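Residue-level structural notes
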Amino acid sequence: MGNTVSTMLSQCIPQNSLNQVWTGPSEGSSMLLPEERRVALKAVLTAAEAVKRVQAGLVSEETISKKDQSPVTVGDYTAQAVIIHALTQAFPHYPFIAEEDSQTLESQPDVLASVLRFTKDYVPEITESELLATLEKGTNEGVSTKRWWTLDPIDGTQGFLRRDQYAIALALMEDNKPILGILGCPSLDMGKSVPGAEGTIGCVLIAVKGEGAFMRSLTSEKEHPIQCSSKMDIHEAVFTESFVSRGFAHEVNSRIVERLGITASPLRIDSQCKYAMVARGDSDVYLRLSSLDYQECIWDHAAGALIVEEAGGKVTDFRGNELDYSKGRKLSANVGIVCANKIFHPILLEAISRLDILEQSSSSS
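Notes on the structure follow.

What counts, and at which threshold
Residues numbered from 1 in each chain as written. Predicted model: local features only at pLDDT ≥ 70, side-chain atom pairs only at ≥ 80, totals over all residues. Heavy atoms only, no water. Salt bridge = Lys/Arg side-chain N within 4 Å of Asp/Glu carboxyl O. Helix = DSSP H or I, 4+ residues; strand = E, 2+ residues; numbered from the N terminus. Buried < 20%, exposed > 50% of the residue type's maximum accessible area, 1.4 Å probe, protein only. Pairing = 2+ DSSP bridges. Contact = heavy atoms within 4.5 Å.

Opposite charge on two side chains lets them pair, provided their charged atoms get close. Throughout the structure, instances matching the rule amount to 15 salt bridges. With a closest N to O distance of 2.7 Å, E241 and R268 form a salt bridge. Remark: R268 occurs in strand β9 (residues 267-268) and E241 occurs in strand β8 (residues 239-241); sequence separation between them is 27 residues. E241 gets classed as buried once you look at its relative accessible area, which sits at 4%. Each member of the salt-bridge network shares a partner with another, and the members are E36, R147 and E174.

Set out below in structure tokens:
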């Protein structure tokens, strides 16, 4: 048993030294995707700056009290336009599957005018028709190319609207699996894993398949290796979950927590920032099961799942199957999400099985 745990623990710790500071690819480096990584990171950083400006300019106490969704709509479209424009310029043959579409925006002329205004701050030459055409590039139902992008320009609508946590999530796919993942978290602090960075607000997490996971602030180019937790006692696990429960999500989590004897209160946070918290060891487990009928969107998980796995974690669905991104815009072959360090992941799957979560959820839905 001791040897087994030791082996699992070693697998949970990336080979990159935690004392290493990575400052970007250099000539002759072994980076698999140096140009894609550089351009994609710059695009996400630019989008993060853009949506922060949208938030500062459009979100107010009045919009919050009226539950006005228009600010996040402007932010969504602006971020998507900025990112797709940048990536198309560099990689014209890589198609996109993204959340937003141009037809919905075109039917809202006031919102369209705001999106164009904010986008022009970063792409001055863009016209209204070019903006709509750029956004439309993300509407593919499926792709046949070897490489393609998937994008959620703002994940965490409610977090954005109340000036809390949200994420910009971008992944490059190859053969329908993520090989590059970037999470821009403009409101998330750097946490405790980077000495001297405590209190710094705004971070970006980056991972290339097989090369580990890294984190940097929005303003510093220094990247620091991150890893998921190395906890071995499931009773000490910290769960992370959404503020607002969809379907029976919190109920399912509560049953698993009770079964495993976990006493710590859940860490509640919006968006794919939950993946960020697991990847850098601030929490240990992220479970998501809204209902058996709900099909997750691929852009909600591709970037975050890769980052966690490159940080030494494991991500599957509730049946233990790998996430299948080959079915178009949805994870239609999967049910739920189980994300944890490699020690806790099999323990969670066993608890899910013993509690008959999927069967009981099916009978109650």
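After that view, the rundown keeps rolling.
On to unusual backbone geometry. Phi at N176 takes a positive value of approximately 65 degrees, unusual for a residue other than glycine. Even without a glycine there, the phi angle at D356 is positive, about 50 degrees. One can find D356 in the loop between α12 (344-354) and α13 (357-364).

This next bit is on the pairing of strand β5 (residues 201-208). Two faces make up the sheet, and in a regular strand the side chains alternate between them. The element β5 is extensively covered by neighbouring structure, given that seven of its eight residues are classed as buried. When β5 meets strand β6 (residues 213-217), the two strands line up antiparallel, connected through five bridges. Residue L205 lies in a different strand from β6, and its bridge partner there is M215. Hairpin connection of β5 to β6: four residues between the antiparallel strands, including G210 at a positive phi of 85 degrees.

All right, on to the environment of A237 then. Relative to the helices and strands, A237 resides in the loop between β7 (224-226) and β8. Classification of A237 as buried rests on a relative accessible area of 0%. When the C-alpha atoms of A237 and S265 are compared, they prove to be 9.7 Å apart, with 28 residues separating the residues in sequence. Residue contacts for A237: discarding those within four places in its chain leaves I262, A264, D284, V285 and F344.

None of the figures reported here should be taken as evidence of function without further support.
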